[in-house]
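One-letter residues, chain by chain:
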Amino acid sequence: MSVTAPRGFRAAGVVAGLKDSGTRDLALVVNDGPSRAAAAVFTRNRVKAAPVLWSEQVLKGGRVRAVVLNSGGANACTGAPGFQDTHATAEKAAELLVDSAGEIAVCSTGLIGERLPMDALLPGMDKAVAELSRGDGGLAAADAIRTTDTVAKISFRQGEGGYMIGAMAKGAGMLAPSLATMLCVVTTDADLPAETLDRALRAATRVTFDRLDSDGCMSTNDTVLLMASGANGAVPGEAEFTALLTEVCADLTRQLLVDAEGASKAIAIEVVGAASEDDAVTVGRSIARNNLLKCAVHGEDPNWGRVLSAIGTTDAVFEPDQLNVAINGVWVCRNGSFGDDRDKVDMRPRDVTITADLSAGPHSATVWTSDLTADYVHENSAYST
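Residues numbered from 1 in each chain as written. Predicted model: local features only at pLDDT ≥ 70, side-chain atom pairs only at ≥ 80, totals over all residues. Heavy atoms only, no water.

An unreviewed UniProt entry annotates the protein chain as Arginine biosynthesis bifunctional protein ArgJ originating from Actinomadura verrucosospora. In the Sequence similarities (unreviewed entry) part of its UniProt record, the protein chain is described as follows: "Belongs to the ArgJ family." Taken verbatim from the UniProt record of the protein chain, the Subcellular location (unreviewed entry) comment is "Cytoplasm". (UniProt positions renumbered as here; feature names shortened; annotations may be inferred.)

For the rest of this paragraph, the subject is the sheet that holds strand β10 (residues 266–274). Strand order in this open sheet of 6 strands is β13-β12-β11-β14-β10-β15, and the pairing throughout is mixed. The outermost strands of the open sheet, each flanked by one partner alone, are β13 (337–338) and β15 (363–370). Of the strands in this sheet, β10, β14 (351–357) and β15 are in contact with helix α6 (residues 238–258), which crosses β15 at around 40°. Contacts between helix α8 (residues 291–298) and the sheet are confined to β10, β14 and β15, with β14 contributing the most and set at about 135° to the helix. (Pairing = 2+ DSSP bridges. Helix = DSSP H or I, 4+ residues; strand = E, 2+ residues; numbered from the N terminus. Contact = heavy atoms within 4.5 Å. Axes fitted to C-alpha atoms, helices over the stretch in contact; angles between N-to-C directions.)

The subject of this paragraph is the UniProt feature "binding site: substrate" (unreviewed entry) in the protein chain. Mapped onto this numbering, the UniProt entry gives "binding site: substrate" (unreviewed entry) at Thr 147, Lys 170, Thr 181, Glu 261, Asn 380 and Thr 385. Mapped onto the elements, Thr 147 comes out in the loop between α4 (137–144) and β6 (153–158). A residue is classified by how much of its surface remains accessible, and Thr 147, at 27% relative accessible area, is partly exposed. Thr 147 has contacts with Ser 71, Thr 109, Gly 110 and Lys 170, leaving out every residue within four places of it along the chain. Mapped onto the elements, Glu 261 comes out in the loop between α6 and β10. By relative accessible area, which is 6% here, Glu 261 ends up buried. (Buried < 20%, exposed > 50% of the residue type's maximum accessible area, 1.4 Å probe, protein only.)

This part takes up the nonpolar core. With 52 residues, the main nonpolar core has Val 29, Val 67, Leu 69, Met 168 and Met 227 as its most contacted residues. For Val 29, the contacting residues outside a window of four places in its chain are Val 3, Phe 9, Arg 10, Ala 11, Arg 65, Ala 66, Val 67, Leu 69, Met 168, Thr 187 and Met 227. (Core = buried A, V, L, I, M, F, W, Y, C linked by side-chain atoms within 4.5 Å.)

For the rest of this paragraph, the subject is the sheet that holds strand β3 (residues 38–42). Taken in spatial order, the 5 strands of this open sheet run β3-β9-β8-β7-β6, and their pairing is mixed. At either end of the open sheet lies a strand with only one pairing partner, and these are β3 and β6. With strand direction ignored, the average angle separating the axes of adjacent strands in the sheet is 10°. As paired strands, strand β7 (residues 164–170) and strand β8 (residues 183–188) are joined by 6 bridges and run antiparallel to one another. The partner of Ala 169 across the bridge, within β8, is Cys 184.

What follows concerns the packing of helix α5 (residues 194–206) against α6. As a packed pair, α5 and α6 sit with axes 9 Å apart at the nearest point and diverge in direction by 45°. The angle between the axes of α5 and α6 places the two elements in the oblique class. The element α5 and its partner α6 pack so that their crossing is right-handed. Here Thr 196, Leu 197, Arg 199, Ala 200, Leu 201, Ala 203 and Ala 204 of α5 come into contact with α6, specifically with Glu 238, Phe 241, Thr 242, Leu 245, Thr 246 and Cys 249. By residue class, the composition of the contact of α5 with α6 is 8 nonpolar, 3 polar and 2 charged. (Parallel < 35°, antiparallel > 145°, perpendicular 65-115°, else oblique. Left-handed = near helix turned anticlockwise from the far one by under 90°. Nonpolar A, V, L, I, M, F, W, Y, C, P; charged D, E, K, R; others polar.)

Take the pattern of salt bridges next. One pass over the structure, following the stated rule, counts 25 salt bridges. The residue Asp 213 makes a salt bridge to Arg 289 at a minimum N-O spacing of 2.7 Å. Taken together, the residues Asp 213 in the loop between α5 and β9 (223–228) and Arg 289 in the loop between α7 (277–288) and α8 connect sequence positions 76 residues apart. Assessed through its relative accessible area of 1%, Asp 213 is described here as buried. (Salt bridge = Lys/Arg side-chain N within 4 Å of Asp/Glu carboxyl O.)

Where interface size is quoted, it is often the accessible area lost as the parts come together. For the protein chain, the domain assignment lists domain 1 (9–259) and domain 2 (266–380). Contacts between the two partners involve 17 residues from domain 1, matched on the other side by 17 residues from domain 2. Buried surface at the junction of domain 1 and domain 2, summed over both partners, amounts to about 1,300 Å²; 43% is from carbon and sulfur atoms. When the area that domain 1 buries against domain 2 is broken down by residue, the three leading residues are Arg 211, Asp 213 and Leu 257, summing to 46%. On inspection of domain 1 and its partner domain 2, the count reaches 5 salt bridges. Between Glu 277 and Arg 211 there is a salt bridge, and its shortest N-O distance comes to 2.5 Å. (Domains from an automatic or database assignment. Buried area = accessible area lost by both parts, 1.4 Å probe.)

Quick look at unusual backbone geometry now. A cis amide bond links Gly 33 to the next residue, Pro 34, at an omega of 20°. Tracing the backbone shows Pro 34 in the loop between β2 (26–31) and β3. Even without glycine at this site, Ser 359 takes up a positive phi of about 55°. Examined against the element boundaries, Ser 359 turns out to sit in the loop between β14 and β15.

Right under this line is the structure:
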């Protein structure tokens with residue numbers, strides 16, 4: 001049921017004609033309350049898409065009635081006309097829902113640098129409102145936000161007292177951290193204020209979406225939006241709610257990882273023995289972005305030297321002669337030199353774990369990435385056509 005698993009939400013996913021493929025490309029998620037509390041995190045890319053700029057202003061009020069999402073066009077780098085298109089989208093949704101445009105968030109995804117066909121999008125809003133439902137609407141909405149995603153991505157969990165958290169996400173390329181790493185809508189029927197939602201969302205994304213680094217490319221459109229209807233009436237403790245929200249985000253992170261463009265391997269980079277958590281994340285991110293290593297993993301070559309060279313580019317605390325590296329449980333590097341026989345490493349499974357021990361402290365972190373394949377190069381060389 002995705003975003004409609006919690007009570008108080010309806011959704012729709014329709015064909016508006018934004019994509020040449022003729023598949024669903026416009027989604028709408030509506031919060032029927034009684035609460036409209038909301039929070040969001042957005043890309044830190046300094047080049048922000050028009051819908052991000054609009055939604056950042058909406059979220060300052062801590063209330064969202066609905067979110068409109070389209071695939072088939074990012075509406076990024078489109079100047080003042082693109083922002084006007086986003087405004088018109090929110091105004092159209094507000095008109096149909098008899099509400100205020102100031103509480104309508106907007107998200108877009110697709111090719112950067114082209115205006116959206118508003119003559120298709122705005123009439124599509126009428127169809128979306130007509131098809132709003134709690135039943136099939138959640139899955140249809142999750143399908144409508146896909147771009148190069150091969151499957152829709154959904155997750156939901158139930159908390160104590162019966163409240164629910166539901167979510168949908170899209171993302172297969174431009175997956176690199178910045179609080180958020182794709183488009184994601186999370187809903188809950190718990191009754192929590194915007195301030196609590198904001199803290200919970202930032203805590204959850206920090207250790208999930210923010211540590212997925214598939215290709216090192218930060219999108220202009222990244223948005224994770226959390227809306228609470230309060231329809232269940234439950235008021236969970238903040239720690240409990242944050243833990244459940246983190247489970248949902250972690251589930252979606254895994255789904256994004258295994259569906260990354262062209263990926264044949266899902267790589268978990270575990271950094272242990274770090275002097276600080278920041279050091280662990282920095283090292284993990286450096287390893288994740290090492291294209292030579294990503295190629296080696298694709299070729300099922302346990303080339304641990306590329307791990308050490310990636311660690312060495314960081315400002316983390318470590319001594320080169322105290323570094324240890326394991327690949328799928330085999331410690332192929334000990335004390336900055338060769339360790340166990342690399343032929344013992346079985347790299348045939350889809351899941352690959354690289355453990356980097358800095359021997360510098362008690363902190364750790366995990367960053368997730370994927371391998372670099374010919375399919376990835378092909379898909380992105382022909383993306384706009």
